[in-house]
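A closer look at the structure
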Amino acid sequence: MSARARKIARERTPGRVLLERHCSVRRTVEIVLDSWSFLILREAFFGVKRFDKFQARLGIPRQTLSSRLRKLVENGLLSTGTRETGRGKQYYFTPRGKDLFATMLSLMEFGDKWLAGDGSPPLRLIHTRCGKKCDPVTVCSECKTPVTAFDVAYRDGPGAGFSPPEARPVTRRGSDPNVLQRVRPCSVARSLAIIGDRWSFLILREGWFGVRRFDEMREKLGIATNILTDRLNRLVNAGVFRKVPYNATGDRFEYRFTRMGIDLYKPMLVMMAWGDRWLSDGIPPLRLRHRECGHDFKAQVVCSECLEPILATDTDYTLTYTLDE
């Protein structure tokens, strides 16, 4: 048994309160609660500021929109103000919220590659710093080469450890993917239709830590059996996991990443970098090393043409569809 496994076993001995590993991805997911919150942020990146405009674009019930906007303000992603005379209260990005742009781009990178079908990506970015149309690419911050799950080694960081899980509100099944794309085709929405709830993200996280079997996932996450079954089935049906029998009778399975699932590692790394920066007080739970260059690194999303980080203030875009106003 490895030192890590022994440590986990000690923390989870019978009679003790269930403990969770510290994780910047979990902290990020806990703040960005669900698909609606991500889509509100998406429209804010497209320049939407007013409540009525969010509602018109997303077709979201007023009560749901009000609740999500309030949470985004409470969590420091948006702020309110009346900067434009006569326009009433509006919502503006804080620096913390604006920094989530990289997460949106990494989800777009994944969706454009795996979920566009035979069509073109719905949106083409223009990086105004270099003036070229580009694709977002998730790279090592040190050598600027694209990262994959196979290139990354991890070890405990100064914030590593376990603590009792925070109370989580009971949530319903993720939003209908048809609703998420009712207003505009969107690679981010397509990605979130697969992984846009906290349990799916946490199951994926455990997969990256080498947890593959149902009982071990249930123990690590403290998740109800029916919820775990549902999320695993959804991830298998979406093509993220494949079921591999591991016993002689073939009725017990391990859940292993497909090639598509392996590519989800990149948005996970970008969310980790955001959580380390804004939620971990400078003491990240994990350190990542890029095997190709040998350096510790953070995931960055850069322009495919000039390899400079893509910032929200340095982008324009063209649409491959017509948006109904």
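See the structure printed just above.
The text that follows walks through the structure, step by step, so that each part is easy to find. (Residues numbered from 1 in each chain as written. Predicted model: local features only at pLDDT ≥ 70, side-chain atom pairs only at ≥ 80, totals over all residues. Heavy atoms only, no water.)

Quick word on the nonpolar core
Ile203, Leu204 and Leu269 are the most contacted members of the largest nonpolar core, which totals 79 residues. No other element matches the eight residues that helix α14 (residues 265–279) contributes to this core. If sequence neighbours within four positions are ignored, isoleucine 203 has contacts with Met217, Leu221, Ile223, Leu228, Arg231, Leu232, Leu235 and Phe241. (Core = buried A, V, L, I, M, F, W, Y, C linked by side-chain atoms within 4.5 Å. Buried < 20%, exposed > 50% of the residue type's maximum accessible area, 1.4 Å probe, protein only. Helix = DSSP H or I, 4+ residues; strand = E, 2+ residues; numbered from the N terminus. Contact = heavy atoms within 4.5 Å.)

So, the sheet that holds strand β14 (residues 315–319)
As summarised here, the arrangement of the three strands in space is β5-β4-β14, forming an open sheet in which the pairing is antiparallel. Each having just a single partner strand, β5 (132–134) and β14 make up the two edges of the open sheet. Between one strand and the next, the sheet's axes are offset by a mean angle of 40°, whatever the strand orientation. (Pairing = 2+ DSSP bridges. Axes fitted to C-alpha atoms, helices over the stretch in contact; angles between N-to-C directions.)

What to know about the packing of helix α4 (residues 51–58) against helix α5 (residues 62–74)
At a minimum axis distance of 10 Å, the contact between α4 and α5 shows a crossing angle of 120°. One way to sum up the angle between α4 and α5 is to call them oblique. Of the two possible hands of crossing, α4 and α5 adopt the one that is right-handed. Note on element contacts: α5 touches α4 through Arg62, Leu65, Ser66 and Leu69, opposite Phe51, Phe54 and Gln55. (Parallel < 35°, antiparallel > 145°, perpendicular 65-115°, else oblique. Left-handed = near helix turned anticlockwise from the far one by under 90°.)

Quick look at the sheet that holds strand β12 (residues 295–296)
Taken in spatial order, the three strands of this open sheet run β7-β11-β12, and their pairing is antiparallel. Strands at the two margins of the open sheet, each flanked by one partner only, are β7 (152–156) and β12. One ladder, built from two bridges, connects strand β11 (residues 286–290) with β12; its direction is antiparallel. Looking at β12, one finds that arginine 289 is bridged to aspartate 296. Packed on one face of the sheet, α14 meets β7 and β11 and runs near 130° to β11.

Some words on the pattern of salt bridges
This structure, assessed with the given rule, holds 20 salt bridges. The closest approach of N and O atoms between arginine 277 and aspartate 99, which form a salt bridge, is 2.6 Å. One end of the pair, arginine 277, is in helix α14; the other, aspartate 99, is in the loop between α6 (95–98) and α7 (101–114), with 178 residues separating them in the sequence. By relative accessible area, aspartate 99 is classed as partly exposed at 25%. A salt bridge links glutamate 109 to lysine 266; the nearest nitrogen and oxygen atoms lie 3.5 Å apart. Taken together, the residues glutamate 109 in helix α7 and lysine 266 in helix α14 connect sequence positions 157 residues apart. Salt bridges sharing partners connect three or more residues here, namely Glu109, Lys113, Asp263 and Lys266. (Salt bridge = Lys/Arg side-chain N within 4 Å of Asp/Glu carboxyl O.)

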